[in-house]
Amino acid sequence: MKKSTGPEKTKTAVFISGKGSNLKNLIRCSRIKNYPFSVNLIISNTIKAKGLKYSNIFNIEKKIIKYDKKIKTDNKILKVLKQRKIKLICLAGFMKILSKNFIKKFNGKILNIHPSLLPKYKGLNTHFRAINNKEKFAGCSVHYVNSKLDSGKIILQRRVKISSKDNHKSLEKKVLKVEHSIYPDAIKKILN
Ligand code: GAR
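Along each chain, residue indices are assigned from 1 in the same order as the chain's sequence is written. Per-residue local features of the predicted model are confined to residues with pLDDT of at least 70, and side-chain atom pairs are confined, for both listing and counting, to 80 or more; whole-chain, interface and lining totals are unaffected and use all residues. Only hydrogens and water are set aside; all other atoms, that is, all heavy atoms of the structure, feed into the side-chain values.

Draft legend 1. Main features of the pairing of strand 3 (residues 61-64). Strand pairing follows a simple DSSP-based rule, namely that at least 2 bridges must link the two strands. Secondary structure elements follow DSSP: runs of H or I of four or more residues count as helices, runs of E of two or more count as strands, with numbering from the N terminus. For strand 2 (residues 37-44) and strand 3, the ladder comprises 4 bridges, and the chain directions are parallel. In the sheet register, L41 faces strand 3, and the bridge partner there is E61. Assignment of crossover handedness uses the view with strands pointing away from the viewer, where a clockwise path from the first strand over the helix to the second indicates a right-handed crossover. Read as a crossover between parallel neighbours, the route from strand 2 over helix 2 (residues 53-58) to strand 3 is right-handed.

Laid out in structure tokens, this is it:
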């Protein structure tokens, strides 16, 4: 399939902290399919994020910014985003909480993927809690980021059946697969 990296695509930064499977998937979709965004910058709060390898693999600029909630950090990130003409931020396993100031400055242009059917199971250990509570379904949600944790308007959500054999690891795997399908679709939905 022909690569489409035309200038009309919305320049996007993906923020990660971990293995970066969503990052990899977003990069692939943005390049191969007809999705209206390009991944131009990868930001991580830690050098240990395995997903940083996709910077080399896909030849995309990366920045490691030791994230804290100080205005200095905000300004540093905002400056980079402005210089690179980034218009959309996708949090993909980014395990830091963005400051109110930062969110205000990028208002309505920050998305997050969360491994639960929000508003259920905000925060961490979502699969573990869902299984413990004997839920029939788990899932994932793509939502806008606002100043309250995992509480912004939901853009897309998809559920996954929890089987009696599932543990939190197997459920994580199942849900991650679905995350890879809804995140690019959610971006498409808001940009089209
Ligand atoms: C994903 O399951 C994502 O939903 C979750 O971290 C994982 C990152 O995986 N995010 C959160 O829990 C945010 N609160 P990845 O690094 O392979 O994309």
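Draft legend 2. Seen up close, the site of the ligand. Residues are counted as near a molecule or strand when any one of their heavy atoms sits within 4 Å of it. Close to the ligand lie K19, G20, S21, N22, G93, M95, I113, H114, P115, L176 and E179, which account for all nearby residues. The term polar contact refers here to a pair of N or O atoms within 3.5 Å; inside protein, the definition further demands a hydrogen-donor-capable atom paired with an acceptor-capable atom, and it admits residues adjacent in sequence only when both atoms are side-chain atoms. One of the side-chain N or O atoms of H114 is found 3.5 Å from a nitrogen atom in the ligand. Surface accessibility in these figures is a Shrake-Rupley result with a 1.4 Å probe; residues are shielded only by whichever protein chains are displayed. Protein coverage of the free-state accessible area of the ligand, which is 450 Å², stands at 88%. Cavities and pockets are defined on a 1 Å grid built over the protein atoms alone: a cavity is a set of grid points where a 1.4 Å probe fits but cannot escape, while a pocket is an open set with protein on both sides within 12 Å along at least five of seven lines, and lining residues are those with an atom within 4 Å of any such point. Grid points define the cavity or pocket, and a molecule sits in it when more than half of its atoms lie within 2 Å of them. Of the pockets mapped on this structure, the ligand occupies the largest pocket. For the shell around the ligand, the secondary-structure elements that each account for two or more residues are helix 1 (21-32), strand 5 (110-114) and helix 6 (168-191). The residue classification treats Ala, Val, Leu, Ile, Met, Phe, Trp, Tyr, Cys and Pro as nonpolar and Asp, Glu, Lys and Arg as charged. All others, Gly included, are polar. Looking at the shell around the ligand residue by residue, the class counts come to 4 nonpolar, 5 polar and 2 charged.

Draft legend 3. Quick look at the layout of surface pockets. Grid points are joined across faces, edges and corners, and a volume is the space filled by probe spheres set on the points. In this structure, the largest pocket encloses a volume near 930 Å³. Lining the largest pocket we find 37 residues, and of these G93, F94, M95, I113 and P115 sit closest to its centre. For the lining of the largest pocket, the elements supplying multiple residues, two or more each, are helix 1, strand 5, helix 5 (126-132) and helix 6. Take the lining of the largest pocket: its biggest share by element is 4 residues, from helix 6.

Draft legend 4. Here's a closer look at the sheet that holds strand 7 (residues 154-161). One open sheet holds the 7 strands; their spatial order is 3-2-1-4-5-6-7, and the pairing between them is mixed. Bordering the open sheet on either side are strand 3 and strand 7, each of which pairs with just one other strand. Here the strands of the sheet are splayed against their neighbours by 20° on average, with no regard to which way each runs. In terms of strand pairing, strand 4 (residues 88-91) meets strand 5 through 3 bridges, oriented parallel. Opposite L91, over in strand 5, you have N112 as the bridge partner. Contacts are residue-level and defined by heavy atoms, with any inter-residue pair within 4.5 Å sufficient. To define axes, lines are fitted to C-alpha atoms, for helices over the stretch in contact only, and angles between the resulting N-to-C directions are given on a 0 to 180 degree scale. Along the sheet, helix 3 (residues 71-83) makes contact with strand 1 (10-16), strand 2, strand 3 and strand 4, crossing strand 2 at roughly 155°. Strands in contact with helix 6 are strand 1, strand 2, strand 4, strand 5, strand 6 (137-144) and strand 7; relative to strand 7, the strand with the most contacts, it is inclined by about 155°.

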